[in-house]
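One-letter residues, chain by chain:
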Amino acid sequence: MNIEKFREYCLSLPKVTEDFPFDEDLLVFRIHNKIFSAISMEKNNMAVMKCDPEKALDLREHYSAIEGAFHWNKKYWNQVHFNQDVSDTMIFELVSHSYNEVFNKLPKKLRDE
């Protein structure tokens, strides 16, 4: 996995936008202004993604490349290191899971748009 493949996949999901809200390093991906993933431009060998709390713990137990996200609420956010024991296909699945975690918590009005 590389940053461009990751970015392209995130942007392929419906209604996704990207921006740099914190500084010029951290690129975030949003659905209706809610962050579902982020990646550092400097340390672009990993990404941060939202995750169901139980699934997050299970993933951390099974993959050395997945751990609680540094500076994020570790109950809900994982950081996933690229090119280790998590395949690109699995990373795309985790992005989709993250997107759905955020999308499903949006107000019904926004989900229906």
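Above this text you will find the structure in question.
Cut-offs and rules
Residues numbered from 1 in each chain as written. Predicted model: local features only at pLDDT ≥ 70, side-chain atom pairs only at ≥ 80, totals over all residues. Heavy atoms only, no water. Helix = DSSP H or I, 4+ residues; strand = E, 2+ residues; numbered from the N terminus. Rg over C-alpha atoms; globule rule 2.2 N^0.38 Å. Buried < 20%, exposed > 50% of the residue type's maximum accessible area, 1.4 Å probe, protein only. Contact = heavy atoms within 4.5 Å. Areas by Shrake-Rupley, 256 points an atom, 1.4 Å probe, with all protein chains shown as cover. Lys, Arg positive; Asp, Glu negative; His and termini not counted. Charge placed at Lys NZ, Arg CZ, Asp CG, Glu CD. Pairing = 2+ DSSP bridges. Axes fitted to C-alpha atoms, helices over the stretch in contact; angles between N-to-C directions. 1 Å grid on protein atoms, 1.4 Å probe; cavity = no way out; pocket = protein on both sides within 12 Å on 5 of 7 lines; lining within 4 Å. Points joined across faces, edges and corners; volume = space filled by probe spheres on them. Nonpolar A, V, L, I, M, F, W, Y, C, P; charged D, E, K, R; others polar. Salt bridge = Lys/Arg side-chain N within 4 Å of Asp/Glu carboxyl O.

Caption draft 1: Spatial organisation of the overall build of the protein chain. The secondary structure content of the protein chain amounts to four helices and six strands. When the elements of the protein chain are put in sequence order from the N terminus, they spell out α-β-β-β-β-α-β-β-α-α. Here the protein chain has a C-alpha radius of gyration of 13 Å; the compact-globule value for 113 residues is 13 Å, and the two agree. Expressed along its principal axes, the backbone C-alpha trace of the protein chain runs to roughly 40 × 30 × 25 Å. Out of the 113 residues in the protein chain, the part that is buried amounts to 42%. In the protein chain, 47% of the contacts between residues at least 6 apart in sequence involve partners at least 24 apart. As presented, the protein chain carries roughly 6,500 Å² of accessible surface, and 50% of it is formed by carbon and sulfur atoms. Where the 15 positive side-chain charges of the protein chain centre and where its 19 negative ones centre are 8 Å apart.

Caption draft 2: Quick peek at unusual backbone geometry. The phi torsion at Asn33 lies on the positive side, around 70°, for a residue other than glycine. On the secondary structure map, Asn33 appears in the loop between strand E2 (26-31) and strand E3 (34-40). If you check the backbone angles, Asn83 has positive phi at about 60° while not being a glycine. What makes Asn83 exposed here is its relative accessible area of 59%.

Caption draft 3: Quick peek at the sheet that holds E3. If you walk across this open sheet you meet the six strands as E1-E2-E3-E4-E6-E5, and the pairing is antiparallel. Pairing within the sheet leaves two strands with one partner each, and these edge strands are strand E1 (16-19) and strand E5 (66-68). When strand polarity is set aside, the average angle formed by the axes of neighbouring strands in this sheet is 25°. For strand E4 (residues 46-50) and strand E6 (residues 77-81), the ladder comprises five bridges, and the chain directions are antiparallel. When the bridges of E6 are listed, Val48 appears paired with Gln79.

Caption draft 4: Here's a closer look at the layout of surface pockets. The volume enclosed by the largest pocket comes to roughly 280 Å³. Leu26, Ser40, Met46, Phe70 and Trp72 are the residues nearest the centre of the largest pocket, which is lined by 13 residues in total. Those elements giving two or more residues to the lining of the largest pocket turn out to be E3 and E4. Of the residues assigned to the lining of the largest pocket, the class counts are eight nonpolar, three polar and two charged.

Caption draft 5: View of the environment of Lys34. Inspection of the secondary structure puts Lys34 in strand E3. C-alpha of Lys34 to C-alpha of Val102: the two residues are 68 residues apart in sequence and 7.0 Å apart in space.

Caption draft 6: Representation of the pattern of salt bridges within the structure. The full count for this structure, using the stated rule, is six salt bridges. For Arg7, the salt bridge is made with Glu18, and the minimal N-O distance between the two is 2.6 Å. Of this pair, Arg7 sits in helix H1 (residues 3-12) while Glu18 sits in strand E1, and the two are 11 residues apart along the sequence. With a closest N to O distance of 2.8 Å, Asp112 and Lys108 form a salt bridge. In this pair, Asp112 and Lys108 are both assigned in helix H4 (residues 108-112), four residues apart and thus about one turn of the helix distant. No difference in accessibility class separates Asp112 from Lys108, as the two residues are exposed. Members of the salt-bridge network, linked through shared partners, are Glu4, Arg7 and Glu18.

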